[in-house]
Amino acid sequence: MKDLLFGLLGLCLACNTSQKTVSEKEDKKGNNTKIEVTKIASSITELELKEHLYIYASDAFEGRETGQPGQKKAVDYLKKEYIKLGIPAAKKDGNYFQKVPLSLNKVPKGVLSFKNKKFPVGDHVLTFNSFSGTYSSIAYVGYGIEDGLYSDYTNIDVKGKIVLVKSGEPQKENGNYILSGSKEKSIWSNMSESLGKRIKIAKDHGAIGILYYDSTNFSRFKSRFNYMQRNNSGRMEIKTNKDEFVSLYLDAHLSKTIYPEIETKNNPTTIESPISFHIESANNDLASENVVAFLKGTEKPEEYLIISSHLDHIGVTDNGEINNGADDDGSGTVALLEIAEAFKKAADAGNGPKRSIVFLHVTGEEKGLLGSQYYADIQPLFPLKNTVANLNIDMIGRIDPKRKGNRNYLYLIGSDKLSKDLHDLSENVNNKYSNIEFDYKYNDENDPNRFYYRSDHYNFAKNNIPIIFYFNGTHDDYHRPTDTPDKINYDLLENRTKLIFYTAWEIANREQRIIVDKVK
C-alpha cells in the first residue's frame, strides 16, 4: 500500500472531476442537449466497487473455478445484480445465462506407430485427444497455408487423411518472405495466431487430423503436457457435436522419421507409408455459463459494443487454500457491473446509448478463453459483423511492482492492432477525462509474455473486431491464494473503471462506427 498522503495526492491529480466535460445529444424535438458525462460516471465509486468485490472474491465463492460450485455462485450473483439494476438479459428468452458445454480431457495415454516403431504419447508426440485408427498414407502440405493466391494445398487431395504440417512460412532465395514480399514476417510465423488458422484450413479441405511440427515451440507444449501429467489433470475444451478432428504435436525426431526432407521440402506430397494411432483419454463433461446482459441502443440498435470481463478463476489449491482472484478478474467483473449501472442510470434519465451495449461476463478464461471463444466462434448472441468493438477488462485493481513511475497508470494492449481510429479515440478520451498514464509496454509484437493472446479480447480480435485490453500487469499474488480484496487499490480501480466507461460512452454515442483499417 502506498503512503496515504501520496495516495490522496495521486487521486486528486488523477480524478480531475472538477472538469465538467459534456457531450451533445439531440432530444425528441431535434434540439441539442448537453450531457455531463462525468456526472453520469459519478455513480462509479470506490465504495460500491469494494462492496461488490468483498463478496465476489470471498471464500464463499470457492475460487470460481469453471464448472464448479463456486462458479455457479458467481453467475447467480451477477444475474441478481443485473436484475437489481433493471438491465435485461441479452437472450430473447430472458435467460441471463448462455450455456457453454465443456469437456475435461484427461492427459491421454497411448502410442503413434510408424514403420514398425512405436512412439508413446508424451515423448516425441503430444496430444490431448483420444484417437484410434490406421491410415495407409499421410498428406504432407508444407506450411499448411492458404493466403490470397498462395496455397500449400494445390494439387493434393487431403480429404479423409492425416496431414503433416510444419511451422513457419515460405521464403524466396533472396530471403524475402513470399507472403509479405519483404524481410518482414507475416502472421503465419506467429504460432499463437497461425496454428488455429492452419487447423481450420486443414478441416476445410476435409482432413481428419493434423501432425504439427514446430521445433521452436515443442518444448513449450511438452512442459504443459508434463505439468498436467504430474498433476493428473487435463485440458478443458468446448464440447461440440461436430466430427472430431485430432491435433498432434511432433518433435524433430518423429517429424523427420515420417518425412526426412521436412526441413528442406515445401511442396505438397503424399507419404505412402501407413501410420496408426491408439490413444485413449478419459473425458468428463462439464456445464458452465457466460452471463450476458444487454442495453438496447436508441438510434443504432443493430450496432453493438461488447464490454467484457471473465467471471472465473482457478479454484482451490491441493492443500485447500482458496484462490480468491480479487484482481484476476474480480476487479474487471465489478468494474463491468459499475459501468453497466452508469449506462442504465443514463438511459433512465433519457440519455440511453445510441448503440447497443452488451455486458459480457465470460467463463473458462483460465482454461483457455473458452467462454469468449464460444460466444465469438460458435454462438454469438449478436452478429459479429455488427459488433463495432470490444473493451476487455482483466486485472485493473493492482499496481505492477516491477513498473517504475506514476501509480496512476494502466497497460493498454491491442488498441492499434486493427483500428487507428479506436486507438486515437482512446487517447483523446483519456486526455479529455482521466489523464491516466497509458503504458504500451505489452502492446509490442515481440512481447515475450504474449498478453495480447491471453485474455478474452483475442477471440474478438481474431474476427477483425477492434479491441482494447485493459490490464494492470502481474504481481506476486497473481494466481495465488493471496490475491485478496484487501490488496486492491480502490482509488485506482475507480479511476480506471471510469476511464473505460468514458471510452465506451464515446464509442456508443459517436456518429460513425469505429473504422477497421488493419484486417488480419
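This text gives an overview of the structure that appears in the document. (Residues numbered from 1 in each chain as written. Predicted model: local features only at pLDDT ≥ 70, side-chain atom pairs only at ≥ 80, totals over all residues. Heavy atoms only, no water.)

## Remarks on the overall build of the chain
Of regular secondary structure, the chain possesses 12 helices and 23 strands. Computed over C-alpha atoms, the radius of gyration of the chain comes to 25 Å, within 12% of the 24 Å expected from 2.2 N^0.38 for 520 residues, which places it in the range of a compact globule. Over its C-alpha atoms, taken along the principal directions, the chain stretches across nearly 75 × 55 × 50 Å. Relative to its full complement of 520 residues, the chain shows a buried share of 55%. For the chain, contacts bridging at least 24 residues in sequence account for 81% of all contacts bridging at least 6. Summed over its atoms, the accessible surface of the chain is roughly 22,900 Å², and 48% of this surface lies on carbon and sulfur atoms. Looking at charge distribution, the chain has the averaged site of its 69 positive side-chain charges lying 2 Å from that of its 71 negative ones. (Helix = DSSP H or I, 4+ residues; strand = E, 2+ residues; numbered from the N terminus. Rg over C-alpha atoms; globule rule 2.2 N^0.38 Å. Buried < 20%, exposed > 50% of the residue type's maximum accessible area, 1.4 Å probe, protein only. Contact = heavy atoms within 4.5 Å. Areas by Shrake-Rupley, 256 points an atom, 1.4 Å probe, with all protein chains shown as cover. Lys, Arg positive; Asp, Glu negative; His and termini not counted. Charge placed at Lys NZ, Arg CZ, Asp CG, Glu CD.)

## Re helix 3 (residues 46–56)
All of the buried residues in helix 3 are L49, H52, L53 and Y56. Looking down the long axis of helix 3, one finds its buried residues gathered within 95 degrees of arc, a one-sided arrangement. Residues of helix 3 that are buried sit in contact with helix 4 (69–85), helix 8 (326–348) and helix 12 (490–509). (Arc of directions from axis to C-beta.)

## Focus: the packing of helix 10 (residues 420–434) against helix 12
It is at 9 Å that the axes of helix 10 and helix 12 come closest, and there the two elements cross at 125 degrees. Classified by the angle between their axes, helix 10 and helix 12 sit oblique to one another. In terms of crossing hand, the pair formed by helix 10 and helix 12 is right-handed. On helix 12, the residues touching L422, L425, V429, N430, Y433 and S434 of helix 10 are L499, Y502, T503, E506 and I507. (Axes fitted to C-alpha atoms, helices over the stretch in contact; angles between N-to-C directions. Parallel < 35°, antiparallel > 145°, perpendicular 65-115°, else oblique. Left-handed = near helix turned anticlockwise from the far one by under 90°.)

## Side note on the packing of helix 4 against helix 8
Relative placement of two packed helices is described by the angle separating their axes and the distance separating the axes. Between helix 4 and helix 8, whose axes approach to 10 Å, the crossing angle comes to 15 degrees. By the angle between their directions, the pair helix 4 and helix 8 is classed as roughly parallel. The crossing of helix 4 and helix 8 is right-handed. Note on element contacts: helix 8 touches helix 4 through T333, L336, L337, A340, E341 and K344, opposite Y77, L78, E81, Y82 and L85. When its residues are assigned to classes, the contact of helix 4 with helix 8 shows 7 nonpolar, 1 polar and 3 charged. (Nonpolar A, V, L, I, M, F, W, Y, C, P; charged D, E, K, R; others polar.)

## Considering the nonpolar core
Among the nonpolar cores identified, the biggest contains 64 residues, and I307, F343, F359 and F501 are the most heavily contacted of them. If we skip the residues at most four places from it in the chain, F343 touches L295, I307, P353, I357, F359, F501, A504 and W505. (Core = buried A, V, L, I, M, F, W, Y, C linked by side-chain atoms within 4.5 Å.)

## A look at the sheet that holds strand 13 (residues 234–238)
The mixed open sheet is built from 9 strands, whose spatial order is 13-3-17-19-18-20-23-21-22. Two strands close off the open sheet at either side, each with one partner strand: strand 13 and strand 22 (437–439). On average, each strand axis in the sheet is inclined to that of its neighbour by 25 degrees, with strand direction left out of account. As paired elements, strand 18 (residues 300–310) and strand 20 (residues 387–393) share 5 bridges and run parallel to each other. Bridged to I306 within strand 20 is N390. Packing of helix 4 onto the sheet brings it into contact with strand 3 (97–106), strand 17 (283–295) and strand 19 (355–362), and relative to strand 17 it is tilted by some 15 degrees. Where helix 8 meets the sheet, it contacts strand 17, strand 18, strand 19 and strand 20, and its direction lies at approximately 150 degrees from that of strand 18. (Pairing = 2+ DSSP bridges.)

## Digging into the sheet that holds strand 6 (residues 125–126)
Taken in spatial order, the 6 strands of this open sheet run 6-14-12-11-8-15, and their pairing is mixed. The strands lining the two open edges of the sheet, one partner per strand, are strand 6 and strand 15 (269–271). With 2 bridges joining them, strand 6 and strand 14 (residues 246–250) adopt antiparallel strand pairing. Paired with L126 across the bridge in strand 14 is Y249. Along the sheet, helix 5 (residues 191–204) contacts strand 11 (162–166), strand 12 (209–213) and strand 14; its crossing angle with strand 12, the most-contacted strand, is approximately 145 degrees.

## So, the pairing of strand 20
In terms of residue burial, strand 20 counts as a mostly covered element, since 7 of its 7 residues are buried. Pairing of strand 20 with strand 23 (residues 467–471) involves 4 bridges; the strand directions are parallel. The partner of L391 across the bridge, within strand 23, is I468.

## Here's the deal with the pairing of strand 12
Of all 5 residues in strand 12, 5 are buried; the element is thus mostly enclosed. Here strand 12 shows no split at all, with G209, L211 and Y213 on one side and I210 and Y212 on the other all buried. Bridge count for strand 11 against strand 12 is 5 bridges, and the pairing is parallel. When the bridges of strand 12 are listed, V163 appears paired with I210. In this structure, strand 12 lies alongside strand 14, joined through 5 bridges in parallel fashion. In the sheet register, G209 faces strand 14, and the bridge partner there is V246.

## Quick word on the side chain of R510
Note that R510 resides in the segment after helix 12. Only 2.6 Å separates the side chain of R510 from the backbone oxygen of Q512, close enough to count as a polar contact. For R510, the contacting residues outside a window of four places in its chain are K300, R355, D421 and L425. (Polar contact = N/O pair within 3.5 Å; in protein donor to acceptor, adjacent residues only side chain to side chain.)

## Topic: the pattern of salt bridges
Scanning the entire structure with this criterion turns up 25 salt bridges. Across the salt bridge formed by E445 and K417, the nearest N and O atoms sit 3.3 Å from each other. In this pair, E445 sits in the loop between strand 22 and helix 11 (458–461) while K417 sits in the loop between strand 21 (409–413) and helix 10, placing the two residues 28 residues apart along the sequence. The partly exposed category is assigned to E445, whose relative accessible area is 48%. Taking the relative accessible area as the measure of exposure, K417 reaches 11% and is therefore buried. Connected through shared salt-bridge partners, K300, K354 and E511 make up one network. (Salt bridge = Lys/Arg side-chain N within 4 Å of Asp/Glu carboxyl O.)

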